[in-house]
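Structural overview
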Amino acid sequence: MPIFEKPTLESLPPVRQRWLPLYLEHGRLEVDDSSVKWIGADFTVVRIPVASVSALLLGPGTTVTHAAIKACSETNTPVCWIGVDGFHFYATGVVTTHDNANARLHASAYASHSKRREVARRMFARRFPGVDISNKSLDELRGMEGQRVRSLYAELSVRFGVAWKGRRYDPHNWDRADDINKAISIANAALYALCTSVICSLGFIPSLGFIHSDHPLAFVFDIADLYKAETSFLAAFQTLGANPQAAERDVLTVLNSLLQQARVLARIPEDIKELLA
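Everything quoted here is computed from the prediction, not taken from an experiment.

**Quick word on the overall build of the protein**
What the protein contains, in helices and strands, is 9 helices and 8 strands. Against the compact-globule benchmark of 19 Å for 277 residues, the protein has a radius of gyration of 20 Å, which places it among compact chains. In terms of overall dimensions, the protein has C-alpha extents of about 60 × 50 × 30 Å along its principal axes. Expressed as a percentage of the 277 residues in the protein, the buried residues total 48%. Long-range pairs, those at least 24 residues apart, make up 62% of the contacts in the protein with a sequence separation of at least 6. With an accessible surface of roughly 13,900 Å², the protein has 54% of that area assigned to carbon and sulfur atoms.

Here's what the structure looks like:
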């Protein structure tokens, strides 16, 4: 029986120091010779240092053994089940952190009406640096945010020479969206997967949002919105500006580069800490 030796808590690297999520498809994840091993459909064999990975993203055609999931849990490495090339986020496994301090902090901030509003205002303040929003209501801030995003789309359209007719996306009718809307959705879904993996690995609660609500990933959307302008939006327009026939994988390749440049993986834990302080 394969044995994966559980590492000590002190030996595990913090989330902000781990690699970006690793996407896997069409293969098998198992434990062999005391390590987690990926066997691809083309018979490629790769040993994965799961303790150094921020999350494993399992795409189509993936099978995983109980021992492999156990190893990921013991290294506090989330596993997410997603669609092809990162599009569509289906589910994530719950990882067991060493305590529930962050969950209690999150729940406490959410349970207090005044604290919840304060956290929401802090999130909006990140979008409008240098602007006094102290006298603005949350509804006014939501309106300002909508205008900011629309202006950003228009600016990126001109900057990269990509035709833009507005944000139109129907998850139930994917083919109706134009290429740029598809690219934005693909990049956003990948960003959501990254944020979900970090939030879960830190022990926060994905469903308790402060700006977003009524969705099991409300807090994920709150956090992801902090980085879209410099990552997913930029990746979509930059990719299609360079190649109008770019594939989904091309968008995600650019997104991965932008995530690294912006040090998003390192920033998320600190940003959440400041927002909930």
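From this point, things continue past the structure.
**Quick notes on the sheet that holds strand 1 (residues 22-24)**
Whenever strands of a sheet pair, they do so through backbone hydrogen bonds, lying parallel or antiparallel. The strand order 1-5-7-8 describes an open sheet built from 4 strands, whose pairing is mixed. What marks the edges here is a single partner per strand, and that holds for strand 1 and strand 8 (89-92). Geometrically, the sheet is characterised by an average inter-axis angle of 25° between neighbouring strands, direction not taken into account. Relative to strand 7 (residues 79-82), strand 5 (residues 56-58) is paired through 3 bridges, and the arrangement is parallel. In the strand pairing of strand 7, Leu57 is matched with Cys80. Strand contacts of helix 5 (residues 179-202): strand 5, strand 7 and strand 8, with the helix running at about 10° to strand 8, the strand carrying the most contacts.

**Concerning the packing of aromatic side chains**
Tallying each qualifying case throughout the model produces 8 aromatic pairs. An angle of 75° between the planes, with centres 6.2 Å apart, marks the rings of Tyr110 and Phe210 as edge-to-face. Of this pair, Tyr110 sits in helix 2 (residues 101-111) while Phe210 sits in the loop between helix 5 and helix 6 (218-224), and the two are 100 residues apart along the sequence. Judged by its relative accessible area of 5%, Phe210 falls in the buried class.

**A word on the confidence of the model for the protein**
On average, residues of the protein score 87 in pLDDT, and 91% of them are at 70 or above. At the low end of the mean pLDDT range in the protein sits strand 8, at 74; at the high end sits helix 7 (residues 232-242), at 97.

Here is what the cut-offs are and how they apply
Residues numbered from 1 in each chain as written. Predicted model: local features only at pLDDT ≥ 70, side-chain atom pairs only at ≥ 80, totals over all residues. Heavy atoms only, no water. Helix = DSSP H or I, 4+ residues; strand = E, 2+ residues; numbered from the N terminus. Rg over C-alpha atoms; globule rule 2.2 N^0.38 Å. Buried < 20%, exposed > 50% of the residue type's maximum accessible area, 1.4 Å probe, protein only. Contact = heavy atoms within 4.5 Å. Areas by Shrake-Rupley, 256 points an atom, 1.4 Å probe, with all protein chains shown as cover. Pairing = 2+ DSSP bridges. Axes fitted to C-alpha atoms, helices over the stretch in contact; angles between N-to-C directions. Phe/Tyr/Trp six-rings, centres within 6.5 Å; stacked < 30°, edge-to-face > 60°. pLDDT = per-residue confidence, 0-100.

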